[in-house]
Amino acid sequence: MAYDLSRLDEHRFEDLCRALAVHVLGPGLQIFGPGPDGGREAAFDGQVPYPTADGGWKGYGVLQAKCRMHDVGTRDAQWLVRTITRELDQWGDLSRKRVSDGRRPDYLIIATNVRLTSVAQSGGIDRVRTLLAGYASRLGLKGWDVWDANTLSAYLDAYPDVSRRFADFLTPGQVLTEAIEMIGDVWTALTSGGFTVGQGQPGCRRAFDTAYRAAGGAAVLGQPSSEIYDDGPGWVQHFTGVSSASPYEPGYPEAVICARFGKPAVAVTAELWDAIRAAGGLGQLTAVGYPLVSADTPPLLSTTADEVHLDGGDWQAGRLVHQPDDTWRWKPQLAFSFEVGHTRDWHTATGDPMDLRLRCAATTRWADIASMTVDSAGRRRLVAALREDSLNAVTDALAARFTLGTVAAWERTPDAEGYNNNRFVSYRRVYRSPQGRPALGVWARFQLPDGLRDTVVSLVDLRMDFTAMPGHVTDPAGPLVEPDHQLDTATMSRCLAAAWLTATRSLPLAATADPSTVPPAGPSRIEIHVATERPWASSPGGRAIGLLDMLDLTGWGTPPAQPKPWMSATVTTPFDLTGSEVDELVERTLQYLASGFGFLEPD
């Protein structure tokens, strides 16, 4: 059947393409919502059952939607060729953010609402495919395809659940057909006594029936009260539960059976289901995903559980944790990565350089952030917390080791070193040499989203200048740092653990009296950065110093022949950890750093 896709606006057409792509390319597809997408509506990374199930593509692929809003049918092919050419030129431009910050695709699918002719060589389909073939070697494309209006119409026939969702473009004849089918479904439901398990999605019937019987069937879940429908990254069907026949017989609450696309189904009580939906904000399952089903998952998930593992959402893997106040809170699943954000270089060009920087940066997203601000009460909370912070004892011990003088109190940084306003906070605590030079210090910064970034950032720097330490000897033939001034891995670990606690416990007080009660709007992460501030001489005769000059990393094994001037790693983790949990996680992070930056243990 031919669908009138010209009735869709640009955003609605992109939604349609994403919905069809989930069915055609498989449930592992990553979906990109409204906003800047770097030329992507959806992407996959791995094996997909396309163009055939046996000979599917394997690698990184991108789907792009191109919607023509005016004069559809007039010079459609010319318009599409021009549009795709501009797009391919952007993928070929190394200065473009989509290339410099991301990666070029191995496979590319262009979806469009224009209808292309299939005349050999001169038809629109061949012209567009010839264009893509011409760019293939330049962009490194291994495969490509075009989904025009004809192809999309065929997919809509194959996946009627999607066509029902996008009724905006249905023709009057199809509306009549859908109405007849709906009347038939209602008649079936009335004459059969209700809905059936798996009704609405024949492909899900077996998985849902298996989950239904495992949870106790009609005796526990009752009867289906809806068809299966898609919600975010999966399928859902509601059940009535079972009312108690007497005070002496148990009743069972309403429930749902749900399943991520392509994953096993499981039954969930309505109360827990409501908590899962609320965890993502505004009932958005696209954020937190669906319950993760494993061999240990109970056949009926309920609020008696302490936690429920979730996956498949935009926030990636996480847990819904039962809180002491009987509420539920989403927390990210622990994960390590070498992908770091902007915080590695944030505030590194301000003030005079020192030698060593140990940085701990905590980033997260909070719901309802627009109403938050840093006011005088928040600054008083923060300063009070900084004065009692465990980081003080750690740095005091370092200062004593280096025989530095007394330390000044926490103070606002000068303007050249950090902002202080209703969205930014910047404080420091500096130990100086007998000559008055900064030798050791802590810089603590906090930032609410500023329009350029949507994350809340807490950043703690511990910085050292070994030339300002008492006892430093300037000898061109000698070591750049006195051996007894070098930091070993145990000292690094103590410093970073204390900075971690400052970043997650103290700094957020600038914006809220109780950070643990702020609903999350995404996963929370810690970035650990170890860097030299003088990787090269900034002036003739200037000082250049490497990490191995300042750090005793013999405990990590044999160092790389050419060590980098920085080492960074990211830990996805909840922030409400105990001190001992933070100590252990810092140790694991440093081991992860060592393995990723070339330190080899003895064979």
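Read on for an overview of the structure. (Residues numbered from 1 in each chain as written. Predicted model: local features only at pLDDT ≥ 70, side-chain atom pairs only at ≥ 80, totals over all residues. Heavy atoms only, no water.)

**As for the overall build of the chain**
The helix and strand tally for the chain stands at 16 helices and 24 strands. The buried share of the chain, reckoned over its 603 residues, is 48%. Intrachain contacts of the chain at a sequence separation of at least 6 include 65% that bridge at least 24 residues. On the chain, roughly 28,700 Å² of surface is accessible, and the fraction owed to carbon and sulfur atoms is 52%. (Helix = DSSP H or I, 4+ residues; strand = E, 2+ residues; numbered from the N terminus. Buried < 20%, exposed > 50% of the residue type's maximum accessible area, 1.4 Å probe, protein only. Contact = heavy atoms within 4.5 Å. Areas by Shrake-Rupley, 256 points an atom, 1.4 Å probe, with all protein chains shown as cover.)

**Things to note about the sheet that holds strand β11 (residues 300-301)**
Think of a sheet as strands paired side by side through backbone hydrogen bonds, with each pair either parallel or antiparallel. Strand order across the open sheet formed by five strands is β6-β7-β8-β9-β11, with mixed pairing between neighbours. Each of the sheet's edge strands pairs with one partner strand only, and the pair in question is β6 (229-231) and β11. Where strand β8 (residues 255-260) meets strand β9 (residues 266-269), four bridges bridge the pair, whose relative direction is antiparallel. Its bridge partner lying in β9, I257 is registered against A267. Of the strands in this sheet, β6, β7 (234-239), β8, β9 and β11 are in contact with helix α10 (residues 270-279), which crosses β9 at around 90 degrees. (Pairing = 2+ DSSP bridges. Axes fitted to C-alpha atoms, helices over the stretch in contact; angles between N-to-C directions.)

**Some details on the side chain of N113**
Note on placement: N113 falls in the loop between β4 (107-112) and α4 (124-139). A distance of 2.8 Å separates a polar atom in the side chain of N113 from the backbone nitrogen of R68. (Polar contact = N/O pair within 3.5 Å; in protein donor to acceptor, adjacent residues only side chain to side chain.)

**Describing the nonpolar core**
Among the nonpolar cores identified, the biggest contains 69 residues, and L356, F446 and M464 are the most heavily contacted of them. A per-element tally of this core places helix α14 (residues 489-506) first, with nine residues. The next biggest cluster of nonpolar side chains, apart from the first, holds 48 residues, and it includes F13, V162, A259 and F261. (Core = buried A, V, L, I, M, F, W, Y, C linked by side-chain atoms within 4.5 Å.)

**Details of the sheet that holds strand β14 (residues 328-332)**
In space, the four strands of this open sheet follow the order β10-β12-β13-β14, with antiparallel pairing throughout. Taken across any chain shown, the strands that pair with only one partner, and hence form the sheet edges, are β10 (289-291) and β14. Taken over all neighbouring pairs, the strand axes of this sheet differ in orientation by 35 degrees on average, direction set aside. Against the sheet, α10 contacts β10, β12 (307-312), β13 (318-322) and β14, and its axis sits at roughly 125 degrees relative to β13.

**Some details on the packing of aromatic side chains**
Across all of its chains, the model carries 16 aromatic pairs by this definition. Taking 5.1 Å as the distance between ring centres and 75 degrees as the angle between the ring planes, the aromatic pair formed by W235 and F261 counts as edge-to-face. Of the two residues, W235 sits in strand β7 while F261 sits in the loop between β8 and β9, which places them 26 residues apart along the sequence. Side by side, W235 and F261 carry an identical accessibility label, which is buried. An aromatic cluster is built from F44, Y50, W57, Y107, W147 and Y155, whose rings are joined through pairwise contacts. Positioned above the aromatic ring of W566, the side-chain terminus of R344 is 3.9 Å from the ring centre. (Phe/Tyr/Trp six-rings, centres within 6.5 Å; stacked < 30°, edge-to-face > 60°. Lys NZ or Arg CZ within 6 Å of the ring centre and 35° of its normal.)

**Describing the state of the cysteines**
Under the definition given, this model contains zero disulfides. Free cysteine C67: the closest other cysteine sulfur is in C17, separated by 8.3 Å. Judged by its relative accessible area of 14%, C67 is buried. (Disulfide = S-S within 2.5 Å.)

**Considerations on unusual backbone geometry**
Geometrically, the link from Y50 to P51 is a cis peptide bond, its omega value of 5 degrees lying close to zero. Examined against the element boundaries, P51 turns out to sit in the loop between β2 (42-47) and β3 (58-66). Here the phi dihedral of Q316 falls at roughly 70 degrees; this positive angle occurs in a residue that is not glycine. Looking at where Q316 falls in the secondary structure, it is placed in the loop between β12 and β13. For Q316, a relative accessible area of 48% gives the class partly exposed. The phi dihedral of D326 is positive, around 70 degrees, even though this residue is not glycine.

**Quick notes on the packing of α14 against helix α16 (residues 579-596)**
At a minimum axis distance of 9 Å, the contact between α14 and α16 shows a crossing angle of 125 degrees. When the axis of α14 is compared with that of α16, the two are oblique. Handedness of the crossing formed by α14 with α16: right-handed. Across from T489, M492, S493, L496, A497, W500, L501 and R505 in α14, the residues of α16 making contact are G579, V582, D583, L585, V586, E587 and L590. Looking at the contact of α14 with α16 residue by residue, the classes come out as nine nonpolar, three polar and three charged. (Parallel < 35°, antiparallel > 145°, perpendicular 65-115°, else oblique. Left-handed = near helix turned anticlockwise from the far one by under 90°. Nonpolar A, V, L, I, M, F, W, Y, C, P; charged D, E, K, R; others polar.)

**Here we look at empty space enclosed by the protein**
Counted according to the given criterion, the structure contains three cavities of 30 Å³ or more. A volume near 70 Å³ is recorded for the largest cavity. Lining of the largest cavity is provided by H347, T348, T350, R357, E417, W443, R445, D461, R463 and E533. Looking at the lining of the largest cavity, the elements that each hand over two or more residues are β19 (438-447) and β20 (456-464). What lines the second largest cavity is simply L547, L548, L553, P560, P563, K564, M567, F597 and F599. In terms of residue class, the lining of the second largest cavity is made up of eight nonpolar, no polar and one charged. (1 Å grid on protein atoms, 1.4 Å probe; cavity = no way out; pocket = protein on both sides within 12 Å on 5 of 7 lines; lining within 4 Å. Points joined across faces, edges and corners; volume = space filled by probe spheres on them.)

**Some words on the packing of helix α1 (residues 10-25) against helix α5 (residues 149-158)**
With their axes 11 Å apart at the nearest point, α1 and α5 run at an angle of 60 degrees to one another. Classified by the interaxial angle, the pair formed by α1 and α5 is oblique. Judged by the twist between their axes, the crossing of α1 over α5 is left-handed. Taking contact as the criterion, the partners of F13, L16, L20 and V24 in α1 are, on α5, L152, Y155 and L156. Along the lines of polarity and charge, the residues of the contact of α1 with α5 split into seven nonpolar, no polar and no charged.

Don't take any of this as a statement about function, it's just geometry.
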